[in-house]
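The lines below spell out each chain.
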Amino acid sequence: MKLVSFTAGLGNQLFQYCFYRYLLNKFPNEKIYGYYNKKWLKKHGGIIIEHFFDVKLPRSTRWINLYGQYLRIIYKCFSCGVSKDDDFEMNRTMFVGYWQDQCFFSGINISYKKDLVISEKNTWLLGEISKCNSVAIHFRRGDYMLPQFRKIFGEVSVYPLVFTLVPVFVIAVGSGRGDGAANFAELDSDFSEPGKHV
């Protein structure tokens with residue numbers, strides 16, 4: 001039995017789902033469950049991958065989640081049982097990480113939901129983008145602007161300089177909670193304000 005932890009926002013959940021599928025291929029005879037920590041997921045709006053993509057997430061039960069909590073405690077005390085991004089071991093029981101390595105998602109296809117609707121404004125903007133040589137830039141704001149992350153990533157808000165160099169369309173993905181995953185917006189003059197979301 002193996003457990004894959006699902007947490008964070010839509011992008012990370014996509015990577016975790018691909019990793020789950022990777023494990024299914026590597027261990028076809030083993031049961032693989034999902035560990036869904038409600039506290040972690042609440043910060044990002046819960047499990048949102050299913051709203052946008054046709055995926056079948058690994059099942060879980062209350063006992064599986066208790067077992068996952070137990071393994072996390074064991075890992076904190078003895079550094080065993082849990083595999084993480086920076087300490088990957090295939091023979092571990094629980095996998096906690098983001099798994100953003102091509103070896104985990106190469107060859108795995110995920111389809112958008114058939115009923116995913118793009119607004120009229122976004123449809124128009126996609127048409128405009130496809131008519132010319134366009135540049136799309138995604139600025140990770142939200143949690144990256146918090147002081148504890150600025151220490152890690154530095155000042156990632158260098159975009160006013162970029163705006164003066166090239167005409168761009170900005171793909172705004174919101175705050176990491178999935179609230180803007182399909183929102184597109186043209187660049188306007190107030191977007192350079194710190195903390196402004198389109």
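Residues numbered from 1 in each chain as written. Predicted model: local features only at pLDDT ≥ 70, side-chain atom pairs only at ≥ 80, totals over all residues. Heavy atoms only, no water.

Draft legend 1. Region of interest: the pairing of strand 1 (residues 2-6). With five of five residues buried, strand 1 lies mostly within the body of the structure. Alternating positions in strand 1 separate into two faces, K2, V4 and F6 on one and L3 and S5 on the other, with burial throughout. Of the pairings in the sheet, the one linking strand 1 to strand 2 (residues 32-36) comprises five bridges and is parallel in character. Paired with S5 across the strands is Y35, a residue of strand 2. As a crossover connection, the stretch from strand 1 through helix 1 (residues 10-26) into strand 2 is right-handed. (Buried < 20%, exposed > 50% of the residue type's maximum accessible area, 1.4 Å probe, protein only. Helix = DSSP H or I, 4+ residues; strand = E, 2+ residues; numbered from the N terminus. Pairing = 2+ DSSP bridges. Right-handed = clockwise from strand over helix to strand, strands pointing away.)

Draft legend 2. Expanded view of unusual backbone geometry. Backbone geometry places A8, a non-glycine residue, at a positive phi of 70 degrees. Mapping A8 onto the fold places it in the loop between strand 1 and helix 1.

Draft legend 3. How the structure looks around the side chain of S5. Along the chain, the position of S5 falls in strand 1. The exposure class of S5 is buried, given its relative accessible area of 1%. S5 has contacts with Q16, Y35, W40, M94, F95 and V96, leaving out every residue within four places of it along the chain. (Contact = heavy atoms within 4.5 Å.)

Draft legend 4. Focus on the pattern of salt bridges. Here the structure, examined in full by the defined rule, presents two salt bridges. A salt bridge links D87 to R92, with the shortest nitrogen-to-oxygen separation between them at 3.3 Å. Since its relative accessible area comes to 27%, D87 is described here as partly exposed. Given the relative accessible area of 16%, R92 is considered buried. (Salt bridge = Lys/Arg side-chain N within 4 Å of Asp/Glu carboxyl O.)

Draft legend 5. Broad picture of the packing of aromatic side chains. Summed over the entire model, instances satisfying the criterion amount to 16 aromatic pairs. Measuring from centroid to centroid gives 5.4 Å for F6 and Y36, while their planes differ by 25 degrees, and the two rings are stacked. Residue F6 is located in strand 1, and its partner Y36 is located in strand 2; the two are separated by 30 residues in the primary sequence. With a relative accessible area of 0%, F6 lands in the buried category. By relative accessible area, which is 15% here, Y36 ends up buried. Measuring from ring centre to ring centre gives 6.2 Å for Y67 and Y70, while their planes differ by 20 degrees; the resulting arrangement is stacked. Highlighted residues: Y67 and Y70, both in helix 4 (residues 62-78), separated by three residues, approximately one helical turn. Using a relative accessible area of 29% as the deciding quantity, one classes Y67 as partly exposed. (Phe/Tyr/Trp six-rings, centres within 6.5 Å; stacked < 30°, edge-to-face > 60°.)

Draft legend 6. The pairing of strand 2, seen in detail. Most of strand 2 sits inside the fold, with five of its five residues counted as buried. In strand 2, alternate side chains face the same way, and those of I32, G34 and Y36 on one face and Y33 and Y35 on the other are all buried.

Draft legend 7. Quick look at the confidence of the model for the chain. For the chain, per-residue confidence averages 77 on the pLDDT scale, and residues scoring 70 or more make up 71% of the total. Across residues 157-198, confidence stays below pLDDT 50; counting only partners more than four residues off in sequence or on other chains, it has 79 contacts. (pLDDT = per-residue confidence, 0-100.)

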